[in-house]
Number of protein chains: 2
Amino acid sequence: MDSLKEVNKIEGVSTQPLKEITDSLGSVLHMLRSDSPLFNKFGEIYFSEINPKTTKGWKLHEKVTQNITVPMGKIRLVIYDDRPESSTHGNTAEYQIGRNGNYYLIHIPPMLWYGFQSLDNQKSLIANCTDLPHDPSESRLLPLDSGKIPFQWDSTK
Amino acid sequence: MDSLKEVNKIEGVSTQPLKEITDSLGSVLHMLRSDSPLFNKFGEIYFSEINPKTTKGWKLHEKVTQNITVPMGKIRLVIYDDRPESSTHGNTAEYQIGRNGNYYLIHIPPMLWYGFQSLDNQKSLIANCTDLPHDPSESRLLPLDSGKIPFQWDSTK
């Protein structure tokens, strides 16, 4: 059975275990359907590879809601809540998702900082189904070491 | 530059080269946006792994339009047109798609038979964005060796 390694909570972030239908020719992996309560509207589906021993972040979307899963490999996803009106303002949440027992969908509303770290010795693949197509004007970036987000990435992972 | 290995044509099947945005931390891979001419409506996004030296097929969807790409690995996709009214009735088309120079989206309308074969030594991953959520009652299956489809899979590949 899948077990999500989840540390802390963030208001508006949802997690959903996804089916991996095992087949000797290759498994079928669910992600998102139009009748899911986590689906709002379709903007874009794209992928982000993450190489072994690397970390991508920090990024924030001002408008986009993301639905993320990891159909190959395994990652640590960290989300930081800097929204002044949020009940979880100041929280940092951590999720270890991917294959081999942690195949989950993570639903991330806008205005949250997030980053990814590879937890696999091979490339991991992050799939992201958003409610708006990519628009570089609605996202913000911060360096991993900016000191503005209270989370220290473990560079040995 | 990408080059699609495409053999024959099928009416209604479209191919689109997709961007791979190279990054030392891991590439970003486009798939489908809501403003694409190949996008109609969102039904489901899911994945199908295909193990090395294996073939999945044949399958036909009576209602579903599929948008397929291969963000990891490489496959041979074969489509057979058995639609009586089609201008390409009786044609079999073959596409080699995946990473390393063949990163394409293939748009497949309903009522076409199709199958996949792995062309990689590792697992390949097929992503499928459809216009209707999965409904087993609208698909048909045929064994690879039924003799009803004029294509011989090369089992050595």
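Structure report, in brief. (Residues numbered from 1 in each chain as written. Chains lettered and ligands numbered in written order. Predicted model: local features only at pLDDT ≥ 70, side-chain atom pairs only at ≥ 80, totals over all residues. Heavy atoms only, no water.)

Considering the sheet that holds strand S4 (residues 28-33) of chain A
Whenever strands of a sheet pair, they do so through backbone hydrogen bonds, lying parallel or antiparallel.
Working step 1: Ordered in space as S3(A)-S4(A)-S5(B)-S12(B)-S7(B)-S10(B)-S2(B), the seven strands form an open sheet in which the pairing is antiparallel. Looking at the sheet topology across the chains shown, the edges are occupied by strand S3 (20-21) of chain A together with strand S2 (14-17) of chain B.
Working step 2: Looking at chain direction, S4 of chain A and strand S5 (residues 44-50) of chain B are connected through five bridges and run antiparallel. Opposite Arg33 of chain A, over in S5 of chain B, you have Glu44 of chain B as the bridge partner. (Pairing = 2+ DSSP bridges. Helix = DSSP H or I, 4+ residues; strand = E, 2+ residues; numbered from the N terminus.)

A few points about the packing of aromatic side chains
Working step 1: Summed over all chains, the structure comprises 12 aromatic pairs over all chains.
Working step 2: Where Phe42 of chain A meets Phe42 of chain B, the ring centres are 5.3 Å apart and the plane angle is 5°; that geometry is what we call stacked. Of this pair, Phe42 of chain A sits in the loop between S4 and strand S5 (44-50) while Phe42 of chain B sits in the loop between strand S4 (28-33) and S5, each in a different chain.
Working step 3: Residue Phe42 of chain A is classed as buried on the basis of its relative accessible area of 8%.
Working step 4: In this structure an aromatic cluster arises from ring pairing among Phe39 and Phe42 of chain A together with Phe39 and Phe42 of chain B. (Phe/Tyr/Trp six-rings, centres within 6.5 Å; stacked < 30°, edge-to-face > 60°. Buried < 20%, exposed > 50% of the residue type's maximum accessible area, 1.4 Å probe, protein only.)

A few points about the relation of the copies chain A and chain B
Working step 1: Taken as rigid bodies, chain A and chain B are interconverted by a rotation of 180° and an axial shift of 0.0 Å, the fit giving an RMSD of 0.0 Å. When the rotation and shift are considered jointly, the pair of chain copies conforms to a two-fold rotation axis. Residues of chain A ranked by C-alpha distance from the rotation axis are headed by Phe42 of chain A, positioned 3.1 Å from it.
Working step 2: When the interface residues of chain A are mapped onto chain B, 100% of them are again interface residues, pointing to one common binding face. (Least-squares fit on C-alpha atoms with pLDDT ≥ 70 in both. Contact = heavy atoms within 4.5 Å.)

A look at the interface of chain A and chain B
Working step 1: In this assembly, 40 residues from chain A lie in contact with 40 residues from chain B.
Working step 2: For the chain A and chain B pair, buried surface summed over both sides reaches about 3100 Å², with 60% attributable to carbon and sulfur atoms.
Working step 3: The interface formed by chain A and chain B holds four salt bridges in total.
Working step 4: Of the charged contacts, one joins Arg99 of chain A and Glu49 of chain B as a salt bridge, the two residues approaching to 2.6 Å between their closest N and O atoms.
Working step 5: At the junction of chain A with chain B, the criterion picks out 22 residue pairs in polar contact (both at pLDDT 80 or more).
Working step 6: Listed by contribution, the elements that provide at least two residues to the side of chain A that touches chain B are S4, S5, strand S6 (55-61), strand S7 (66-72) and strand S12 (124-130) of chain A.
Working step 7: By residue number, the principal contributor to the side of chain A that touches chain B is S5 of chain A, which donates seven residues.
Working step 8: Taken together, the residues of the side of chain A that touches chain B break down into 18 nonpolar, 14 polar and eight charged. (Buried area = accessible area lost by both parts, 1.4 Å probe. Salt bridge = Lys/Arg side-chain N within 4 Å of Asp/Glu carboxyl O. Polar contact = N/O pair within 3.5 Å; in protein donor to acceptor, adjacent residues only side chain to side chain. Nonpolar A, V, L, I, M, F, W, Y, C, P; charged D, E, K, R; others polar.)

Details of the nonpolar core
Working step 1: Judged by nonpolar contacts, the single largest core of 30 residues is most densely connected at Ile45 of chain A together with Ile45 of chain B.
Working step 2: Counting residues per element, the ones that place at least two in this core are S4, S5 and S12 of chain A together with S4, S5 and strand S12 (124-130) of chain B.
Working step 3: Ignoring any residue separated from it by four or fewer positions in sequence, one finds Ile45 of chain B in contact with His30, Met31, Leu32, Ile45 and Cys129 of chain A together with Met31, Ala127, Asn128 and Cys129 of chain B. (Core = buried A, V, L, I, M, F, W, Y, C linked by side-chain atoms within 4.5 Å.)

Brief notes about empty space enclosed by the protein
Working step 1: Evaluated as defined, the whole model comprises one cavity of 30 Å³ or more.
Working step 2: Roughly 50 Å³ of internal volume is contained in the largest cavity.
Working step 3: Looking at the lining of the largest cavity, its residues break down into four nonpolar, five polar and two charged. (1 Å grid on protein atoms, 1.4 Å probe; cavity = no way out; pocket = protein on both sides within 12 Å on 5 of 7 lines; lining within 4 Å. Points joined across faces, edges and corners; volume = space filled by probe spheres on them.)

So, the sheet that holds strand S2 (residues 14-17) of chain A
Working step 1: Reading across the sheet, the seven strands line up as S2(A)-S10(A)-S7(A)-S12(A)-S5(A)-S4(B)-S3(B) and stay open at both edges, with antiparallel pairing between neighbours. The outermost strands of the open sheet, each flanked by one partner alone, are S2 of chain A together with strand S3 (20-21) of chain B.

Focus: unusual backbone geometry
Working step 1: Here the amide bond leading from Gly57 of chain A into Trp58 of chain A is cis, since omega sits at -15°, within 30 degrees of zero.
Working step 2: Tracing the backbone through its elements, the reader meets Trp58 of chain A in strand S6.
Working step 3: Even without glycine at this site, Lys53 of chain B takes up a positive phi of about 60°.
Working step 4: Relative to the assigned elements, Lys53 of chain B resides in the loop between S5 and strand S6 (55-61).
Working step 5: Unlike most non-glycine residues, Met111 of chain B shows phi in positive territory, near 70°.
Working step 6: As for its position among the elements, Met111 of chain B is in the loop between strand S10 (104-108) and strand S11 (113-118).

This is a description of form; function is not addressed.
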